[in-house]
Amino acid sequence: MCTAATYKTKDFYFGRTLDYEISYGDQVVITPRNYVFDLRSGGQLKSHYAMIGMACVMQDYPLYYDAVNEKGLGIAGLNFVGNAHYNKPVADKDNITQFELIPWILGKCATVKEARALLENLNLTDIPFMEKLPMAQLHWIIADKEACITLECMESGMKVYDNPVGVLTNNPPFDYQMFNLNNYMHLAVANHPNTFSDELVLNPYSRGMGGMGLPGDLSSQSRFVRVSFVKMNSLSGDSEEESVSQFFHILGSVDQQRGCCKLGEDKYEITLYTSCCNTDKGIYYYNTYDNHQISAVDMHKEDLDGEKLISYALVKGEQFFKQN
Ligand SMILES: C[C@H](CCC(=O)NCCS(=O)(=O)O)[C@H]1CC[C@H]2[C@@H]3[C@H](O)C[C@@H]4C[C@H](O)CC[C@]4(C)[C@H]3C[C@H](O)[C@]12C
């Protein structure tokens, strides 16, 4: 499972949890403006916007999971298993295969508005990166500080939804997830008065009872409700420290601990990493399951006019601050 979210204070923040049982060799990867992407259905993407995000690099190619470009546009891919549907290439369309979608959008678009326009001629194709690598079945959240959309390519066609909560998890399709929020419209951050019955004396005996009924399990529908509630009610100061800290708290509400989501004998899904990118400043913050300290990579400290990928291995192992 995975969860993505946006958050706005003085700057705009975009990030996700990546929940899975294995790592593909995740790294923070900066693609500078002159790295050339050879597109599978022909043509090249060169002289594009620079981008930073989490990826694994195979054959010198950045296979991004989530990334943000130098203009402040972000995109993340999350599992959409059983619903994602990709097509064969066709004439007169932009034939972009699944793993090219993130660089194609971030390379060309500065805003969600431009991304929406670009998506109009998209045909998302089913060409794998390599034969032995099973194709990811994903849907995507695309956001900037003004707008947020969800992209889902299903057998019934391609859908682009407005995403007013700025949140994405996994199945079911996004319109179901949004409709399901109606079932939780009674949730509140303050305690309710008794509306059960005038004839009974019922009192709130604890703080936080306005949120009773907020789902606590790890299913994608429950995580969608929980993180939406937390995000929509989140308050923080607007400094970088306060904003980033709050963002990690928002995604912390859907963190997956080893042992709680069993996939098979000795196989568990965990939150491998959590990311938070300041899209205005191009700084990618992250922590990992084994290292709660937040690490940061700033794209603007690199030569963004280069041609070669710049990769940072994830900082692993807990970093204790020893006070005595
Ligand atoms: C496993 C990741 C999604 C995590 C997630 O959503 N988990 C939810 C589990 S569940 O549905 O709720 O069961 C996805 C997100 C991005 C994916 C990667 C990116 O799409 C880039 C390439 C794409 C290639 O097709 C496959 C390898 C790959 C390197 C992908 C591996 C894997 O599928 C990733 C890492």
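- In the nomenclature of an unreviewed UniProt entry, the chain is known as choloylglycine hydrolase of Blautia segnis.
- The Pathway (unreviewed entry) comment attached to the chain in UniProt states, word for word, "Lipid metabolism; bile acid biosynthesis."

**With respect to the sheet that holds strand β19 (residues 291-298)**
Backbone-to-backbone hydrogen bonds pair the strands of a sheet. The strands run either parallel or antiparallel.
Step number 1: Taken together, the six strands give an open sheet; going across it, the order is β14-β1-β2-β17-β18-β19, and neighbouring strands pair in antiparallel fashion. Either end of the sheet is taken by a strand with one partner, and the two such strands are β14 (167-168) and β19.
Step number 2: The pairing of strand β1 (residues 2-8) with strand β2 (residues 12-20) spans seven bridges and is antiparallel. Looking at β2, one finds that Lys8 is bridged to Phe12.
Step number 3: Its contacts with the sheet put helix α4 (residues 220-232) on β1 and β14, and the angle it makes with β1 is roughly 15°.
Step number 4: In this fold helix α5 (residues 240-252) packs onto β1, β2, β17 (270-278), β18 (283-288) and β19, with an angle of close to 150° to the strand it touches most, β1.

**Considering unusual backbone geometry**
Step number 1: Following Asn171, the chain continues into Pro172 via a peptide bond in cis, with omega recorded as 0°.
Step number 2: Mapped onto the elements of the fold, Pro172 is located in the loop between β14 and α3 (174-180).
Step number 3: At Asp92, a residue that is not glycine, the phi angle is positive and equals roughly 65°.
Step number 4: With respect to the helices and strands, the residue Asp92 is situated in the loop between β8 (74-79) and β9 (94-97).

Analysis parameters
Residues numbered from 1 in each chain as written. Predicted model: local features only at pLDDT ≥ 70, side-chain atom pairs only at ≥ 80, totals over all residues. UniProt positions renumbered as here; feature names shortened; annotations may be inferred. Pairing = 2+ DSSP bridges. Helix = DSSP H or I, 4+ residues; strand = E, 2+ residues; numbered from the N terminus. Contact = placed C-beta atoms within 7 Å. Axes fitted to C-alpha atoms, helices over the stretch in contact; angles between N-to-C directions.

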